[in-house]
Amino acid sequence: MWPEIDKVEKENRHEIILSGKEISSRITKDGLDHKLFTLNCLNYLNIHETELSEIPDAISNLCNLQTLVLHSNKLEEINVNVSKLNKLKILDLSRNFLKCIPESFSNLPLVTLNLNSNQLNCFPVFTNAVKLTVLDLSNNKLKQFPICSKEMVNLTELKLQGNEIEEIAHNINILPVLKLLDISNNKLKTLPGELADCLKLKDLNLKSNPILDRRLMKLIDQCRTKQVLDYVKQHCPKVVTIENAGNTKKKTKTKQNHDVEEESSIDYKYNINVKAATDEFKVLIMDSVKSVREHFVACIVDNVSFTEDTFKKFIQLQNRLHDTVCEKRNLATIATHDFNKLPPGNLTYKTALPSELMIKPLNRATVMTGADLFSKLQTEANNLRKEKKRNTYSGIHKFLYLIERKPEYPCLVNSKAEVISFPPITNSDISKIEVTTTKIFLEVTSSASIHICKTVLSTILKDMVLLLEKDIEVQQVKTVDQSEQLKVVYPSKTDLIFEKDVPIKVNRK
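Criteria and thresholds
- Sequence order as written defines the numbering, with residues in each chain counted from 1.
- Predicted model: local features are reported for residues with pLDDT of at least 70 only, side-chain atom pairs are reported and counted for 80 or more only, and whole-chain, interface and lining totals are derived from all residues.
- Note that water and hydrogens are dropped before the side-chain values are worked out from all heavy atoms of the structure.
- Think of a nonpolar core as a cluster: buried Ala, Val, Leu, Ile, Met, Phe, Trp, Tyr and Cys residues, connected wherever their side-chain atoms sit within 4.5 Å.
- Only protein chains enter the area calculation, which uses a 1.4 Å probe; residues under 20% of their type maximum are buried, those over 50% are exposed, and those in between are partly exposed.
- Only DSSP runs of H or I covering at least 4 residues are called helices, and only runs of E covering at least 2 are called strands; the numbering of each starts at the N terminus.
- When checking whether two residues touch, look at their non-hydrogen atoms; a contact exists if any pair is within 4.5 Å.
- Each residue gets a pLDDT score, which is the predictor's confidence in that residue and runs from 0 to 100.
- Each pair of strands is called paired provided DSSP finds at least two bridges between the two strands.
- To define axes, lines are fitted to C-alpha atoms, for helices over the stretch in contact only, and angles between the resulting N-to-C directions are given on a 0 to 180 degree scale.

### Some words on the nonpolar core
Counting residues in each nonpolar core, the largest one holds 75 residues, and the members touching the most others are Leu36, Val82, Phe145, Ile172, Leu191 and Leu195. Looking at this core, the elements that each hand over two or more residues are α1 (3-11), β1 (15-19), α2 (21-30), β2 (44-48), α3 (214-221) and α4 (225-235). With residues up to four places along the chain from it excluded, the contact list for Leu195 reads Ile168, Ile172, Leu181, Leu201, Leu204, Leu229 and Val232. Counting 38 residues, the second-largest nonpolar core is a separate cluster that includes Phe306, Val444, Leu457 and Tyr490.

### Notes on the environment of Pro237
Position of Pro237 relative to the elements: it lies in the loop between α4 and β10 (239-243). Sequence spacing of Pro237 and Leu65 is 172 residues, and the spatial spacing of their C-alpha atoms is 45 Å.

### Considering the confidence of the model for the protein
The predicted model of the protein averages 87 in pLDDT, with 91% of residues at 70 or higher. Contacts for the low-pLDDT stretch residues 241-265, under 50 throughout, to residues beyond four places or in other chains number 41 contacts.

### A word on the sheet that holds strand β6 (residues 134-136)
Taking strand neighbours across the sheet as the criterion, the nine strands line up as β1-β2-β3-β4-β5-β6-β7-β8-β9 in an open arrangement whose pairing is parallel. Because the sheet does not close on itself, it has two edges, and the strands there are β1 and β9 (203-205). For this sheet, the mean angle separating the axes of adjacent strands, direction not counted, is 5 degrees. Bridge count between β1 and β2: five bridges; the pairing is parallel. Considered in β2, the bridge of Ile17 is made with Asn46.

### Concerning the pairing of strand β14 (residues 295-302)
Here β14 lies mainly inside the structure; seven of its eight residues are buried. Strand direction decides the pairing type here: β14 and strand β22 (residues 440-446), joined by seven bridges, are antiparallel. Across the sheet, residue Ile300 finds its bridge partner in β22, namely Phe441. In this sheet, strand β23 (residues 472-480) lies alongside β14 in antiparallel orientation, the contact comprising four bridges.

Take a look at the structure:
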């Protein structure tokens with residue numbers, strides 16, 4: 001029996017938390033200890049940041065479980081037996097690889113359901129979710145707004161940011177106590193008039209959507225929820241229900257009756273001039289990266305000029321973004337390369353065995369394998385921790401756990417098959433940027449979503465312009481799959497949409 005489980009059983013405790021390298025190693029080797037599912041007294045179970053890839057059927061034995069936290073694992077599907085936990089109130093499945101959710105989850109007495117940062121492309125109708133208060137579906141692959149159910153009488157928070165939703169459901173007004181709706185970073189072009197009927201709505205985030213109405217877009221950028229809802233009420237269409245002779249219902253939309261205001265002149269201080277991608281340069285994404293770090297987005301930044309001071313601040317900017325918007329590299333990793341140091345030809349994002357990945361790490365003198373680099377960094381980290389008498393790692397060493405025990409490592413190689421990037425750990429010294437660099441290849445990788453990559457890139461480009469206090473040119477970069485099918489191009493027309501107080505104008509050629 002695992003000592004953690006033994007302790008809970010002997011002391012008749014009601015909660016257990018299983019996380020960390022040792023737990024992950026045990027799960028990889030033998031799976032979860034079956035004794036865990038004999039602890040009928042448990043009402044709180046938390047297994048996070050491990051290699052857990054499946055939930056045993058015996059989960060249904062934990063009949064008193066009220067909170068189940070399984071975030072940041074390797075789950076690709078969720079065991080339907082979870083729906084037998086008829087006392088479950090809080091379910092956290094965020095940061096996994098789930099593609100669908102069983103409809104039977106609707107029968108659970110859930111108060112909070114967190115599915116943030118998965119691979120969901122659909123969401124079932126929750127017809128029995130009477131107690132559901134918070135639903136987080138952000139950073140997935142949803143194309144349609146989740147169907148609103150009249151049974152969701154207690155839903156107060158609905159988080160949908162970072163999906164691919166094109167329109168808000170017209171019946172959203174059947175959610176009587178909705179207070180927060182975050183649907184930023186989607187593909188909304190218009191809004192339904194029924195949104196204004198959500199009388200309790202106090203926090204509405206619609207930013208980073210390609211809204212066609214310029215006047216409405218300005219209100220959205222100014223974060224004025226009341227003014228946005230007032231405008232929606234006056235100018236946005238509703239769906240009208242008409243009964244015909246056969247007593248069936250037909251839905252028709254009224255015409256939009258508002259003026260689309262042209263963008264007024266704003267006193268911009270700086271410009272980002274976007275140039276179209278060329279077929280002479282692209283990034284090939286191999287299928288193998290899907291199992292380790294799937295998402296990759298990049299662009300080329302030209303007209304860069306550093307001083308010693310601004311160069312130092314730019315490096316500090318990357319470190320700050322790694323700790324904030326990248327969530328300590330858990331969500332994403334930034335890498336910068338001197339584009340003029342790259343040989344002509346395309347780049348390839350792929351995986352390699354730790355013993356076969358060869359890289360000259362940033363600011364190191366020799367070429368070494370990925371396995372040797374990991375071992376060296378781990379030794380350095382342990383020595384440094386003992387020297388400083390600390391319990392935690394610092395610097396690059398604190399990210400080692402992100403690749404620990406991975407059978408293959410992700411890497412970006414140039415046309416000469418040289419590794420120039422080993423995310424999320426380090427870049428290669430052969431393409432490092434310097435004070436004299438004038439053209440930068442900027443990449444962001446993530447295991448969470450393409451949206452996260454784009455958000456990080458847009459943030460660093462904005463901060464870069466404000467730091468350098470000058471205009472820059474950004475050339476789009478295409479990424480394609482092994483069949484040469486386009487995966488993503490950045491920045492697209494829906495990228496680089498800044499808030500009103502950002503004095504940067506984006507010019508697209």
